[in-house]
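Fold and contact review
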Amino acid sequence: MGNIRVEIRENVGILTITRPKQLNALNREVLRELGQALDRVKEDDRIRCLIITGEGKAFVAGADISEMAGMDKAQAHEFAVLGHTVFKKIETLPAPVIAAVNGYALGGGCELALCCDIIIASENAVFAQPEVGIGIIPGFGGTQRLGLRIGIGRVKRMVLTGERIKAPEAYAIGLADGLVQPEKLIEDTVALAKTIAAHPKNAVAAAKKAVQSSYSKRLNEGLKHETSVFERCFSTDEPKQAMRSFLKKN
Ligand code: CAA
């Protein structure tokens, strides 16, 4: 796989998205590879807890804008469904998944962290849902999963302004569950993962599922609604213009 690396340390898997030149932006290829890697992790008995992180200065800077800029409504629908399908694999993986957020977690990157069970942020991590700035809405679950972590006013503030939340604030408001020094991010997250991995596997998987059952029905309905709103944004020229202007600047 060109964009995903998985290593195993004892009974902890570390999945790294390795597209650093594009700040690990999620295009269709990365999403498909991520899905395949997750299928393999599920089958691998050695992995009792999984960490997801990004290579370089970003965790993930969002869905790939250069790919989205050419999408029509039907393609945007397929893209959102692909994202949701892959993120669901994380949410339903029996082994717990920890996001080790090493830098920018913007748009689809913030949404990737949100579908993990626990979010550990490096002190230099930055979170945001900047989609409105490019004429769309969060399309990989942000409008639904953010509210599971932070109050509705803060959700609206993030989604409507697109403003960036630095790691200490993210930790203070419950968007992140831990805050660690950048150089200790993987070491500390592996230590946390090992604590989980040391417990009986079936009990851990059952506990994850039981907690999720408290919100999963409503979440699934909300995700469907989000997709219909996301794809509708692509029926106007707004996103094309805004995305082209982002790409021109870069
Ligand atoms: N998609 C595609 N390419 C991206 C990208 C993205 N989301 N984010 C960064 N890149 C690319 C840049 O185009 C640039 O490529 P080139 O070197 O070929 O020009 C490269 O990554 C490095 O980026 P910058 O030069 O912009 O780096 P920077 O340090 O100056 O800025 C940044 C970093 C603040 C993260 C900035 O890149 C940025 O704002 N990125 C876009 C963030 C964004 O809007 N994300 C949301 C996407 S929409 C979404 O995710 C929808 C959804 O929910 C499904």
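Everything that follows concerns the structure shown earlier in this document.
Residues numbered from 1 in each chain as written. Predicted model: local features only at pLDDT ≥ 70, side-chain atom pairs only at ≥ 80, totals over all residues. Heavy atoms only, no water.

**Here's the deal with helix α1 (residues 28-43)**
Between the first and last C-alpha of α1 there are 23 Å, a value that for 16 residues agrees with the 22 Å anticipated at 1.5 Å per step. Along α1, the residues that are buried comprise Val30, Leu31, Glu33, Leu34, Gly35, Ala37, Leu38 and Val41. Two to three positions downstream of the cap, the backbone nitrogen of glutamate 29 sits 3.2 Å from a side-chain oxygen, assigning the N-cap of α1 to asparagine 27. (Helix = DSSP H or I, 4+ residues; strand = E, 2+ residues; numbered from the N terminus. Expected span 1.5 Å × (residues − 1). Buried < 20%, exposed > 50% of the residue type's maximum accessible area, 1.4 Å probe, protein only. Polar contact = N/O pair within 3.5 Å; in protein donor to acceptor, adjacent residues only side chain to side chain.)

**Section: the site of the ligand**
As a structural note, the neighbourhood of the ligand is formed by 26 residues, with Lys57, Ala63, Gly108, Glu111 and Asn250 the closest of them. Contacts to the ligand include lysine 57, whose side-chain N or O atom sits 2.6 Å from an oxygen atom. In the model, an oxygen atom of the ligand is placed 2.8 Å from a nitrogen or oxygen of the alanine 63 main chain. Against a free-state accessible area of 980 Å², the protein chains account for coverage of 75% of the ligand. A per-class count over the shell around the ligand returns 14 nonpolar, six polar and six charged. (Near = heavy atom within 4 Å. Areas by Shrake-Rupley, 256 points an atom, 1.4 Å probe, with all protein chains shown as cover. Nonpolar A, V, L, I, M, F, W, Y, C, P; charged D, E, K, R; others polar.)

**Topic: the pairing of strand β7 (residues 118-122)**
Burial within β7 is extensive, with four of its five residues counted as buried. Pairing analysis gives four bridges linking strand β5 (residues 97-101) to β7, with the strands arranged parallel. The partner of alanine 99 across the bridge, within β7, is isoleucine 119. Across three bridges, β7 lies against strand β10 (residues 178-180) in parallel orientation. Each bridged residue has a counterpart across the sheet, and for serine 122 the counterpart in β10 is valine 180. (Pairing = 2+ DSSP bridges.)

**Things to note about the packing of aromatic side chains**
By the definition in use, this model includes three aromatic pairs. Centre to centre, the rings of phenylalanine 87 and phenylalanine 140 are 5.5 Å apart; their planes meet at 70°, and the pair counts as edge-to-face. One end of the pair, phenylalanine 87, is in helix α3 (residues 73-92); the other, phenylalanine 140, is in the loop between β8 (126-128) and α5 (142-145), with 53 residues separating them in the sequence. Of the aromatic side chains, those joined through ring pairs into one cluster are Phe79, Phe87 and Phe140. (Phe/Tyr/Trp six-rings, centres within 6.5 Å; stacked < 30°, edge-to-face > 60°.)

**Some thoughts on the sheet that holds β7**
Strands sit in the order β1-β2-β3-β5-β7-β10 across an open sheet of six strands; the sheet is mixed. Lying at the two open borders of the sheet, with one neighbouring strand each, are β1 (4-9) and β10. Averaged over all pairs of adjacent strands, the angle between strand axes in this sheet comes to 20°, irrespective of strand direction. Against the sheet, α1 makes contact with β1, β2 (12-17) and β3 (49-54), and its axis sits at roughly 25° relative to β1, the strand it touches most. Against the sheet, helix α8 (residues 185-197) engages β1, β2, β3, β5, β7 and β10, with an angle of about 170° to β5. (Axes fitted to C-alpha atoms, helices over the stretch in contact; angles between N-to-C directions. Contact = heavy atoms within 4.5 Å.)

**Notes on the nonpolar core**
Met68, Leu112 and Phe127 are the most contacted members of the largest nonpolar core, which totals 62 residues. What leucine 112 contacts, discounting residues up to four positions off in sequence, is Ile17, Leu34, Ile52, Phe59, Val60, Phe87 and Ile90. If you look at the next biggest cluster of nonpolar residues, it comprises 14 residues, including Ile14, Ile51, Ala197 and Val204. (Core = buried A, V, L, I, M, F, W, Y, C linked by side-chain atoms within 4.5 Å.)

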